[in-house]
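What follows is the residue order along each chain.
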Amino acid sequence: MTVHKAIKPQAEAAAVIAYHLATGKPVPTDITGGKTVNNGKKDVPSVLLVPLAVTKENLMDTVIADAFWTTEQICTAQYAEACKAAGIL
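Residues numbered from 1 in each chain as written. Predicted model: local features only at pLDDT ≥ 70, side-chain atom pairs only at ≥ 80, totals over all residues. Heavy atoms only, no water.

(A) View of the packing of aromatic side chains. Summed over all chains, the structure comprises one aromatic pair. For the ring pair Phe68 and Trp69, a centre distance of 5.8 Å and an interplane angle of 80° mean the geometry is edge-to-face. (Phe/Tyr/Trp six-rings, centres within 6.5 Å; stacked < 30°, edge-to-face > 60°.)

And the structure:
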């Protein structure tokens with residue numbers, strides 16, 4: 001099994017948090033929902049995205065829709081029949 005977390009929202013939130021931390025400004029709670037993770041020294045504002053299990057039913061709506069992988073990269077000759085059976089090809 002593999003999991004998926006959309007890269008764009010993750011990267012955008014990381015950029016906003018990094019900017020605020022680098023400039024000494026408080027991280028907006030609307031970005032983090034007020035959540036933090038303790039790194040062993042202090043609580044760090046964090047965005048905790050929920051991973052989604054990737055299945056044949058949601059493959060097109062996750063890793064392919066987000067252009068993380070293409071159908072050609074996933075459905076190689078070795079997996080072509082499975083892709084056809086799953087309705088991916």
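(B) Region of the structure containing the state of the cysteines. Scanning the model with the defined rule gives one disulfide in all. In this model, Cys75 is linked to Cys83 through a disulfide, with the two sulfur atoms separated by 2.0 Å. Between Cys75 and Cys83, the disulfide has an S-S torsion of -90° and is therefore left-handed. For the pair formed by Cys75 and Cys83, the shared burial category is buried. (Disulfide = S-S within 2.5 Å. Buried < 20%, exposed > 50% of the residue type's maximum accessible area, 1.4 Å probe, protein only.)

(C) Region of the structure containing the nonpolar core. Within the largest apolar cluster, seven residues are counted, these being Val54, Leu59, Val63, Ile64, Cys75, Cys83 and Ile88. Discounting residues that sit within four places of it in the chain, Ile88 has contacts with Leu59, Met60, Ile64, Thr71, Cys75 and Cys83. (Core = buried A, V, L, I, M, F, W, Y, C linked by side-chain atoms within 4.5 Å. Contact = heavy atoms within 4.5 Å.)

(D) Spatial organisation of the pattern of salt bridges. Scanning the model with the defined rule gives two salt bridges in all. Among the ionic pairs, Lys8 bridges to Glu12, the shortest N-O distance being 3.8 Å. On the criterion of helical spacing, the pair formed by Lys8 and Glu12 is a turn pair, its members being four residues apart in helix H1 (residues 7-22). Here Glu12 falls in the partly exposed class, since its relative accessible area comes to 44%. Across the pair Glu81 and Lys84 runs a salt bridge whose closest N-O atoms are separated by 3.9 Å. (Salt bridge = Lys/Arg side-chain N within 4 Å of Asp/Glu carboxyl O. Helix = DSSP H or I, 4+ residues; strand = E, 2+ residues; numbered from the N terminus.)

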